[in-house]
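# Breakdown of the fold
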Amino acid sequence: MSNFIVNKVAVLGAGVMGAQIAAHCANANVPVVLFDLAGKDEPNGIVRKALDALKKLEPSPLATKDRVAYIDAANYDQHLDQLQGCDLIIEAIAEKMEWKEDLYRKIAPFVAPHAIIASNTSGLSINHLAGVLPEPLRTRFCGIHFFNPPRYMHLVELIATTQSDAALLDNLESWLVTRLGKGIVRAKDTPNFVANRVGVFSMLAAMHHTQRLGMGFDEVDALTGPKIGRPRSATYRTADVVGLDTMAHVIKTMQDTLPNDPWHGYYATPAWLAALTAKGALGQKTQCGVFRKVGKEIQVLDLSAQDYRVSKSEVAAEVDAMLKIRNPAEKFAALRASQHPQAQFMWAIFRDVFHYCAFHLADIADNARDIDFAMRWGFGWSQGPFETWQAAGWQAIAAAVKADIDAGLAMSAAPLPAWVFEVEGVHAATGSYSAAEKKLQGRSTLPVYRRQIFPERVLGEAQVPADRAGETLWQNEGVRLWRLPEVDAGIGILSFKTKMHTLGSAVVAGVREAVALAERECQGLVIWHEAPFAVGADLKEVLQAVGDKRFDLLEQSVADFQRAAMALKFSPVPVVAAISGMALGGGCEFSMHCARRVVALESYIGLVEAGVGLIPAGGGSKEFALRAARKAAQTANNVPFDFIQPVFNTVAMATVSKSAENARELGFLDAADIVVFNSHELLYVALRQARGLAESGYQPPLPVRNVPVCGRTGIATLEMMLVNMREGGMISAYDYVVAKAAATALCGGDIEAGSLVDEEWLLRVERKLFVELLKNEKTQQRIAHTMETGKPLRN
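With that out of the way, let us pick up the overall build of the protein chain. The number of helices and strands found in the protein chain is 30 helices and 23 strands. What you see for the protein chain is a C-alpha radius of gyration of 29 Å, in line with the 28 Å of a compact globule of 795 residues. Counting only C-alpha atoms and orienting by the principal axes, one finds that the protein chain spans roughly 80 × 65 × 60 Å. Out of the 795 residues belonging to the protein chain, those deemed buried represent 57%. Considering only contacts within the protein chain whose residues lie at least 6 apart along the sequence, 71% involve residues at least 24 apart.

This is the structure:
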C-alpha cells in the first residue's frame, strides 16, 4: 500500500456512472480526466454537459461544489495522450461489448506502463474484455464495479481475470478502502457478479410471486421495504429508481449468459415491464414507471385495470404482526404456516432467495460473507440472505426449503447442495463458509484492514461490541470512559451511551468528570462512538423543566453545558472529536471546542437550534465570534463583521453541512481537521491524531481576552436583512425574533461596536438569550412539535 500511489485518474465515459465516479475521486483530492466522445459543435461538449449536471444532482455526488474544478474534460479524438499521466483508468461506457472492445483498442497505445486499467461493467465478462488488450496490459486489468450513486453506496466489487496481478489487486483494494472509503467484495467473473446477481434475482422472485398471488405493486412494496430491513424503495420503487430500461437490460444479460441456470426460465422481462419501456415509461428518470406522481398524489400501475390508481401501500394486520415477531425462527414458521396471501408471498420470496444463494454460492462468491456484505452494501439490506437464514435456525429453514422443493412449490426443482445439510450455519467465529473450498474462510489479511478497529461484522462472527470492548476507566448513566490497551493504552476513549447520543444532564456531567479523569490517567482523549456523533440536547429534559417553570434550573443546565465544552477546550491533554453522521446543536458545539476533529466524509454538522426556536448556547455562538475576530485580525481591514455575516446566515437558517468538507466551508471544521472517507477507520485515525498531538508537546489554548465584537452596529445591520426577509414572506415574525437573538449572541451583545470582551462575557450573552427564548410560548410550541413529529414548526 505504501508504494501504491494514484496521483491522477482517467474515467472513460461521462454518463451517469462515469461522471459520478469522477466526482468521488475528486472528492478524495484525486485529479481526474473525464473522457467521452467528441461533440459536433464543441469537442468537449458531452463532458462539460455531464459536469454541469453533477452540480445539480441531489443528493450531490460532490462533497463541495468546487470539487468539479478538479475534473478535466477530454475527448477520445484529441486527448488520448493525457492517459499517459494517469495511474488508474476506469472504463465506464455503456454495457455494449463491441463498444468496449473498440475503446480498449483505441486507448491501449497510450496507457502508461505502470497504470491499472479497470472496467466498471456491471456484469460483462472481465476475462473477455482482457482478451482485447495487448498481452503486456492484461496483468494490470480487472473489473471495478461501483454501485450507484458511487459517493454514497459502500460496495465496490473487484473482479480479477485469470491473468490479473494479485499484488496489483491487493494494492487497488487497499486504495479503494481507505482513499475512497469503500467496502470491497472480491467477485468471480460470472454474469452480474455478486450483488446484482442475487439482487436482481430477488426482484425477479418478487415479481413472479406478485403475479402468482395477484398482488398489487404498492402492496408488495409495503411488505418488502423497512418492515423486513430493506430500503424504503423496496422492490418496484427500486426498479423505477434504477430505470426500467436498465432493469430489462440486466435481466436480458442473465437470460443470454446463463442458459444452463436452473432458474433460467425466470430470467425474462415481464410483459408489463416490456410494455412500459416500449412506451418510454422508464421510471424515475421519465417521471413515470411502475409509479407516477400526479400533483401531490402518488399513483401505481394496476395491471388488472390496465391503468394507474392511487397507491395505498397496505399490509394486513395479521401479517404485520408476524413481521414484528422478534424471534426469526418463530417469524418464518408463522409466515410459512399462514394462508394469508401476503404471508405466503413473504415466505416464498425468502425461501427462493435462500435456495438460489445456496445453490450458486460456489459459483459466484468466495464465501457466504461476501454475498451478505454485497447485499448489505450494494442493495441496502440490513442483513444478507445467509445471515437471515442462519438467524432463523439453519437446519430448520433448510428442511422447510427442501420440503417446498420436493412439493414443487419452489421456483426451481434444483436440489439444495449437500453441504447445506452438513453445516449448522455459514458464519462462525473463525470465518464464513466457502462452498468451493468446503471450509470456513477467514477475513482478508491485507494491512489496510488493521485500520478498522471495529470492522463491520456478519451475524455469527466473533467480536466484542464497541460498547463493551476495552478497559472501562469510569462510567455513569450517560457516558463511558475506556481505553484499548492493545491499540494505545495512553489514549482514553469517551463514548456517549444515550439514544441517538442526545446530550442530557448525565452526558454533560459525565463529560466533565471523564475529562478530569483523563487528565490524570491519560495522555489524550478521543470522543468516539458509532454514528450519529450527537443529535443535540435532550429536548424531553428541556420541555419537562419548562413545564415546571424551572427556568433557574434551565439556566444552570446551560451553564453546566458551557462548562463541559470549556473543559474540552482547555484540557491539558488533547481532546479529539471523531465524528460520523449527524453532529447537530450541542453535538456540533462540543466538537467545536475540541483540539482536533477527525470527521467521516458522510458527516452532517450544524447548529440547528433555530429550528426549535433557540440559539446555540453551548459555546457555539461564542466560538464563531472568536473565530470571526481571529480571521479579521489577519486582514488589512480587521472587520469581524465580514466573517460574522456568513456565519449568521448559517446559524439563523439552521444550515446543516452536506459533507465533512462542506462543514469546513461553513466554518465548523478548521484547516487542520482530518476528513476520513471510510468511517470504519475513524477511531484508528482519531487515536493516532491524539497520540501525535500528545507526543508533539500539546498545550491547550489560553482563554481569549480582548475580543473585538460587532456589537449593536452589527446587530442592526443583520436586523435590516431580517426585516427584508420578513416583509418578503421568507421568514415568520417569530423566525425574526429567534434570528435577532442569534445576531445578538454572535455580535457580542447590545454594546458598542469594537468593544473588547472575553469568552465568559460571550457565554453569558448567549446563555441569557437562550433562556429568554425558552420562556417564550412559541419556542415551547416548536420544541413540543419537533418532539412529537420529528419536524420543525414554523409559527
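Past the structure itself, the notes keep going.
We note that the domain assignment places domain 1 (9–187), domain 2 (195–441), domain 3 (464–608 + 657–689) and domain 4 (614–655 + 702–795) within the protein chain. Taking only C-alpha atoms, the centre of domain 1 and the centre of domain 2 are 31 Å apart. Domain 1 puts 12 residues into the contact, and the matching count from domain 2 is 10 residues. At the boundary of domain 1 with domain 2, total buried surface from both sides reaches about 950 Å², with 63% on carbon and sulfur atoms. Between domain 1 and domain 2 we count zero salt bridges in total. There are one residue pair in polar contact (both at pLDDT 80 or more) connecting domain 1 and domain 2. Broken down by element, the side of domain 1 that touches domain 2 gets its largest block of residues, four residues, from strand S8 (residues 183–187). Partitioned by chemical class, the residues of the side of domain 1 that touches domain 2 number five nonpolar, four polar and three charged.

Ranked by internal contacts, the top residues of the largest apolar core, which has 127 residues, are Leu172, Trp175, Leu176 and Phe496. If you tally residues by element for this core, the top one is helix H28 (residues 733–746), at nine residues. Sequence-distant contacts of Leu172, defined by excluding residues within four places in its chain, comprise Phe4, Leu88, Ile116, Cys142, Ile144 and Leu158. With 117 residues, the next largest nonpolar core counts Ala108, Val200, Phe345 and Ile405 among its residues.

Considered as a void within the structure, the second largest pocket measures approximately 1100 Å³ in volume. Lining of the second largest pocket is provided by 44 residues; of these, Gly536, Ala537, Asp538, Leu539 and Val542 occupy positions nearest its centre. Breaking the lining of the second largest pocket down by element, the ones donating at least two residues are helix H19 (505–521), helix H20 (539–547), helix H21 (551–570), helix H22 (586–592), helix H29 (759–774) and helix H30 (777–789). Looking at the lining of the second largest pocket residue by residue, the classes come out as 22 nonpolar, 12 polar and 10 charged.

With that settled, the discussion passes to the state of the cysteines. Under the defined criterion, the tally for this structure stands at zero disulfides. With no disulfide of its own, Cys588 lies 11 Å from the sulfur of Cys594, the closest cysteine sulfur. Distance from the sulfur of Cys710, which forms no disulfide, to the nearest cysteine sulfur (Cys747) is 4.7 Å. With relative accessibility at 8%, the residue Cys710 sits in the buried group.

If you walk through the whole model with that rule in mind, you get one cavity of 30 Å³ or more. Every residue along the wall of the largest cavity is listed here: Glu95, Ser122, Gly123, Leu124, Asn192, His249, Val250 and Thr253. The residue makeup of the lining of the largest cavity, split by class, is two nonpolar, five polar and one charged. Both domains that furnish three or more residues to the lining of the largest cavity are identified here as domain 1 (9–187) and domain 2 (195–441).

Here Asn120 shows up in the loop between strand S5 (116–119) and helix H4 (126–130). Within the structure, Asn120 has its side chain in polar contact with the backbone nitrogen of Phe146 (distance 2.8 Å). In this view, Asn120 contacts Met17, Ile21, Ile90, Glu91, Ala92, Ile144, His145 and Phe146; residues no more than four positions away in its chain are not counted.

When the terminal C-alpha atoms of H29 are compared, their 23 Å separation across 16 residues agrees well with the 22 Å that a helix rising 1.5 Å per residue should span. Contact partners of the buried residues in H29: H20, H21, helix H23 (620–633), H28, strand S23 (756–757) and H30. For H29, the capping residue at the N-terminal end is Asp758, with a side-chain oxygen 3.3 Å from the backbone nitrogen of Glu760.

This part takes up the sheet that holds strand S10 (residues 297–302). Two modes of strand pairing occur in sheets, parallel and antiparallel, and in both the strands are linked by backbone hydrogen bonds. Spatially, the three strands line up as an open sheet ordered S9-S10-S11, and their pairing is antiparallel. Two strands bound the open sheet, and with one partner strand each, they are strand S9 (291–294) and strand S11 (307–310). Mean inter-strand twist for the sheet, computed between neighbouring axes without regard to direction, equals 40°. The pairing of S10 with S11 spans four bridges and is antiparallel.

Rules and cut-offs
Residues numbered from 1 in each chain as written. Predicted model: local features only at pLDDT ≥ 70, side-chain atom pairs only at ≥ 80, totals over all residues. Heavy atoms only, no water. Helix = DSSP H or I, 4+ residues; strand = E, 2+ residues; numbered from the N terminus. Rg over C-alpha atoms; globule rule 2.2 N^0.38 Å. Buried < 20%, exposed > 50% of the residue type's maximum accessible area, 1.4 Å probe, protein only. Contact = heavy atoms within 4.5 Å. Domains from an automatic or database assignment. Buried area = accessible area lost by both parts, 1.4 Å probe. Salt bridge = Lys/Arg side-chain N within 4 Å of Asp/Glu carboxyl O. Polar contact = N/O pair within 3.5 Å; in protein donor to acceptor, adjacent residues only side chain to side chain. Nonpolar A, V, L, I, M, F, W, Y, C, P; charged D, E, K, R; others polar. Core = buried A, V, L, I, M, F, W, Y, C linked by side-chain atoms within 4.5 Å. 1 Å grid on protein atoms, 1.4 Å probe; cavity = no way out; pocket = protein on both sides within 12 Å on 5 of 7 lines; lining within 4 Å. Points joined across faces, edges and corners; volume = space filled by probe spheres on them. Disulfide = S-S within 2.5 Å. Expected span 1.5 Å × (residues − 1). Pairing = 2+ DSSP bridges. Axes fitted to C-alpha atoms, helices over the stretch in contact; angles between N-to-C directions.

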